[in-house]
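# Architecture at a glance
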Amino acid sequence: MSFLCLLLMLVAMSETSLQNVIVSQPRYTTVTAGDAATLQCSFSSSEKTSVSVYKWFFIDPSSSSMTEVTNSSEQFSGRVFLPDHATFTSQQKADIEIHNVQQNDAGTYICEVELFPSNTKRRGNGAWLLLLEGISLHDITVSQPMYTTVTAGDAATLQCSFNSIEKSSIGGYKWFFIKPSSSSKTEVTNSSEQFSGRVFMPDHAIFTSQKKADIEIYNVQHNDAGTYVCEVELFMINRKGRGNGTQLLVIEAPQIQRLGLSSYWILLDTTLHDLQHRLPASCHCCADCLHHS
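What counts, and where the lines are drawn
Residues numbered from 1 in each chain as written. Predicted model: local features only at pLDDT ≥ 70, side-chain atom pairs only at ≥ 80, totals over all residues. Heavy atoms only, no water. Pairing = 2+ DSSP bridges. Helix = DSSP H or I, 4+ residues; strand = E, 2+ residues; numbered from the N terminus. Contact = heavy atoms within 4.5 Å. Salt bridge = Lys/Arg side-chain N within 4 Å of Asp/Glu carboxyl O. Buried < 20%, exposed > 50% of the residue type's maximum accessible area, 1.4 Å probe, protein only.

We now examine the sheet that holds strand β19 (residues 215-217). Across the sheet, 3 strands lie side by side as β14-β19-β18; this open sheet has antiparallel pairing. Of all the strands in the sheet, the pair left with one neighbour each is β14 (156-158) and β18 (199-200). When β14 meets β19, the two strands line up antiparallel, connected through 3 bridges. When the sheet's bridge partners are listed, L158 is paired in β19 with I215.

This brings us to the environment of W128. With respect to the element layout, W128 can be found in strand β11 (residues 127-132). Setting aside residues no more than four positions away along its own chain, W128 makes contact with R27, Y28, T29, P61, G107 and T108.

In this section: the pattern of salt bridges. Across all of its chains, the model carries 4 salt bridges by this definition. Salt-bridge contacts for E231 lead to R242; the nearest nitrogen and oxygen are separated by 2.6 Å. In this pair, E231 is assigned in strand β20 (residues 226-234) and R242 in strand β21 (residues 239-242), connecting sequence segments 11 residues apart. Judged by relative accessible area, which is 7%, E231 ranks as buried.

Take a look at the structure:
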């Protein structure tokens, strides 16, 4: 084999290696109007270089025109977030975010990666951006029972659970009391005047692992009757959700419970004595048996 042929083969192999760039995109991405959309793009290459760039292009489905997605473009002005170059080269990712997505942003987005010094360009197959009407992937659904009953002086457990697609361990919850007579709203805490020292809240682990936001109110009084609303917030996605409210009904303790055991026998003796006077004479013997048993 001549030296010239060998050289040509090496050059051909080198060009094939340099051009071995694969750009990958998901087939589609969904987003709710007004939210931010993350357009994902990753690439792999046999060429090890830190000198590379990427671009995104938008294809309008109504006109098939192609526009580069940048903050200087008219359509996307000030709404595009690009990761730093270190993330692009080290993780081989070219993701971007488009904030405050509108209906006219729906269409196909194509990621293009270029490597230097080989000037190798490759494009992904494109990702279709779908806009959802009135449905947020980050919505929080908060559930509460319609009502809870408690005896005056006892402890009341107010139940609250929530669901969210977002798996976030950073969040919190609050409870609010709405007084029926004035419709005023008060946060239920141990620092509030009405509930001072009477509120028990579970630890954060129960909130995140079981998705529960139950609380207990001790020594419930009649002025605690009203509507209690549970509010859950997940900080990473900046979303809040509220339940429909739980009506707390405060009832009086039964008479026997209030009197106690010793008073119960006094009450029973008095009742039997009264019964003896009301019965016919033929039945007095039965009443006497009951009285002395």
